[in-house]
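Architecture and fold: a report
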Amino acid sequence: MRNFFSALIVTGLLAMPAYAQTTVEDHSGYTEIMHGNFSAAEKTVIKQRDAFPDDADLMLNLAAIYAQTGRISKARSLYIEVLDRADQSMLLAQNRTAWSHDIARRGLQRLGPQQRPASTEITAR
């Protein structure tokens, strides 16, 4: 019985650092975005996208960073990329959920209509 109890304590102690680490570390850039540190958030998200290129959470966060830093065409491209992939259920702050396609559509709406470049054609007379 004593060995069983000791095993539970050791197992519990070994599990705690891993749990604490996953709750403290933010691999999606969310915390940095919320604090307005877009440069650090971008580095975090790009690093994670190298490992998880299909992760909708990372694409949406990077699109938000691009939108906040004036890189509208890059943001638009990422929102469209999310829409081109399978719709994923996303866990948001305060344990809310939303679908990746809904978030991408809202992001595109916030960006406004896509502007076309001015025509450079010269009309013949």
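Right, let's walk through the structure included here. (Residues numbered from 1 in each chain as written. Predicted model: local features only at pLDDT ≥ 70, side-chain atom pairs only at ≥ 80, totals over all residues. Heavy atoms only, no water.)

1. Considerations on the packing of helix α5 (residues 72–84) against helix α6 (residues 100–111)
Threshold: Axes here refer to lines fitted to C-alpha atoms; in helices the fit is confined to the stretch in contact. Angles between the N-to-C directions go from 0 to 180 degrees. Helix and strand assignments come from DSSP, with helices taken as H or I runs of at least 4 residues and strands as E runs of at least 2, each series counted from the N terminus. Working definition: roughly parallel below 35 degrees, roughly antiparallel above 145 degrees, roughly perpendicular at 65 to 115 degrees, and oblique for all remaining angles. By definition, turning the near helix anticlockwise from the far helix through less than a right angle yields a left-handed crossing, and turning it clockwise yields a right-handed one. Every residue pair with non-hydrogen atoms within 4.5 Å of one another is taken to be in contact. When residues are sorted by character, Ala, Val, Leu, Ile, Met, Phe, Trp, Tyr, Cys and Pro go into the nonpolar class, Asp, Glu, Lys and Arg into the charged class, and all the rest, Gly among them, into the polar class.
At a minimum axis distance of 9 Å, the contact between α5 and α6 shows a crossing angle of 155 degrees. The orientation of α5 with respect to α6, classified from their angle, is roughly antiparallel. The handedness of the crossing between α5 and α6 comes out as left-handed. From α5, Ile72, Ala75, Arg76, Tyr79, Ile80, Val82 and Leu83 reach across to α6, where they touch Ser100, His101, Ile103, Ala104, Arg105, Gly107, Leu108 and Leu111. Across the contact of α5 with α6, the residue classes break down as 10 nonpolar, 3 polar and 2 charged.

2. Notes on α6
One turn of an α-helix holds 3.6 residues; hence residues three or four places apart share an orientation. Going by this rule: Helix span, expected: 1.5 Å multiplied by one less than the number of residues in the helix. Type-normalised accessible area, obtained with a 1.4 Å probe on protein chains alone, sets the label of each residue: buried when under 20%, exposed when over 50%, and partly exposed for intermediate values. In this description, the arc belongs to the directions extending from the helix axis to the C-beta atoms.
For α6, built from 12 residues, the straight-helix expectation of 16 Å at 1.5 Å per residue is met to within 8% by its first-to-last C-alpha distance of 17 Å. Those residues of α6 lying buried are Ser100, His101, Ile103, Ala104, Gly107, Leu108 and Leu111. End-on, the buried residues of α6 take up no more than an arc of 160 degrees, which puts them together on one face. Those residues of α6 that are exposed and angled more than 90 degrees off the buried face are Gln109 and Arg110. Packing partners of the buried residues in α6 comprise α4 (56–68), α5, β1 (89–91) and β2 (97–99). Positive backbone phi, approximately 85 degrees, marks glycine 112, located one or two places after α6.

3. A short note on the packing of aromatic side chains
The condition is simple: Between 30 and 60 degrees the pair is tilted, below 30 it is stacked and above 60 it is edge-to-face, where a pair is any two Phe, Tyr or Trp rings, Trp via its six-membered ring, whose centres lie within 6.5 Å. When the NZ atom of lysine or the CZ atom of arginine is within 6 Å of a ring's centre and also within 35 degrees of its normal, the charge is said to sit over that ring.
Taken as a whole and assessed by the stated rule, the structure comprises 0 aromatic pairs. Looking at lysine 74, its charged tip hangs above the ring of tyrosine 66, at a distance of 5.4 Å from the centre.

4. Section: the side chain of serine 28
Relative to the helices and strands, serine 28 resides in the loop between α1 (2–24) and α2 (30–34). Judged by its relative accessible area of 14%, serine 28 falls in the buried class.

5. Quick word on the environment of isoleucine 33
Along the polypeptide, isoleucine 33 turns up in helix α2. Classification of isoleucine 33 as buried rests on a relative accessible area of 15%. Counting along the chain gives 28 residues from isoleucine 33 to asparagine 61, while the straight-line C-alpha distance between them is 8.2 Å. The contact partners of isoleucine 33, leaving out residues within four places of it in the chain, are Phe38, Ala41, Asn61 and Ile65.

6. Some remarks on the layout of surface pockets
In plain terms, the rule: Note on definitions: the grid is 1 Å and covers protein atoms alone; a cavity is a set of points where a 1.4 Å probe fits but cannot get out; a pocket is an open set with protein on both sides within 12 Å along at least five of seven lines; lining residues have an atom within 4 Å of a point. Grid points are joined across faces, edges and corners, and a volume is the space filled by probe spheres set on the points.
Considering only enclosed or pocket space, the largest pocket measures out at about 870 Å³ in volume. Lining the largest pocket are 22 residues, and of these Tyr30, Asp57, Asn61, Leu92 and Ile103 sit closest to its centre. Listing elements by their share of the lining of the largest pocket, those giving two or more residues are α2, α4, β1 and α6. Considering every element that reaches the lining of the largest pocket, the biggest residue donor is α4, with 6 residues. Considered class by class, the residues forming the lining of the largest pocket number 14 nonpolar, 4 polar and 4 charged.

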